[in-house]
Amino acid sequence: SKSLSKVKRAITYIEIYPSKTTVELAECSGLSRSFIGAVRNVLKYGIPELQKMLRNEETNATYLYRFMIGIPVEEQKKYIQEYGVHAVIDYNKFLNEERRTYGTIHKKRYGYGNNTTVNVFK
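This one's a predicted model, so the numbers in the text were calculated from it and none came from an experiment.

A. Broad picture of the nonpolar core. Counting 29 residues, the largest nonpolar core has Val-39, Leu-50, Leu-54 and Phe-67 as the members making the most contacts within it. Every element with two or more residues in this core is listed here: α1 (6–16), α2 (22–29), α3 (33–45), α4 (48–55), α5 (61–70) and α7 (85–110). Examining the composition of this core, we find that six residues originate from one element, α3, more than from any other.

As structure tokens, this is what we get:
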């Protein structure tokens, strides 16, 4: 049988074990904590359009999460209505470009990396 994609596997574990922590889900699914966290947060807090994109695997789960935490809800709806999944992809291209431009400066100046995985929700 064909194995489940990472997204489908994450969704399956999250839905079967709703009370498990992100760490526990990562351990039992074999997926990273940040990936489980991104999927779980989009499922739990994302607008329906983002949840649908996640379930249909229209783009990267981390991209959906970053878009969700980076843009106000009303604007998310507007951008998705206008540009579809490309709103999410383009926003992340912009973020990646910013990181390439400013990431190393911040690392040197402030002594920390440019990891954008912010755990806003538990």
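Picking up where we left off.
B. Layout of α3. Taking 1.5 Å per residue as the helical rise, α3 with its 13 residues ought to reach 18 Å, and the 17 Å between its terminal C-alpha atoms agrees with that figure. Looking only at α3, the buried set comprises Phe-35, Ile-36, Gly-37, Ala-38, Val-39, Arg-40, Asn-41, Val-42 and Leu-43. Its buried side turned inward, α3 meets α1, α2, α4 and α5.

C. Inspection of the packing of α4 against helix α6 (residues 73–83) at higher detail. Interaxial distance between α4 and α6 falls to 9 Å at its minimum, and their mutual angle equals 55°. Between α4 and α6, the angle falls in the class oblique. On α6, the residues that touch Glu-49, Leu-50 and Met-53 of α4 are Gln-76, Lys-77 and Ile-80. Partitioned by chemical class, the residues of the contact of α4 with α6 number three nonpolar, one polar and two charged.

The rules we used
Residues numbered from 1 in each chain as written. Predicted model: local features only at pLDDT ≥ 70, side-chain atom pairs only at ≥ 80, totals over all residues. Heavy atoms only, no water. Core = buried A, V, L, I, M, F, W, Y, C linked by side-chain atoms within 4.5 Å. Buried < 20%, exposed > 50% of the residue type's maximum accessible area, 1.4 Å probe, protein only. Helix = DSSP H or I, 4+ residues; strand = E, 2+ residues; numbered from the N terminus. Expected span 1.5 Å × (residues − 1). Contact = heavy atoms within 4.5 Å. Axes fitted to C-alpha atoms, helices over the stretch in contact; angles between N-to-C directions. Parallel < 35°, antiparallel > 145°, perpendicular 65-115°, else oblique. Nonpolar A, V, L, I, M, F, W, Y, C, P; charged D, E, K, R; others polar.

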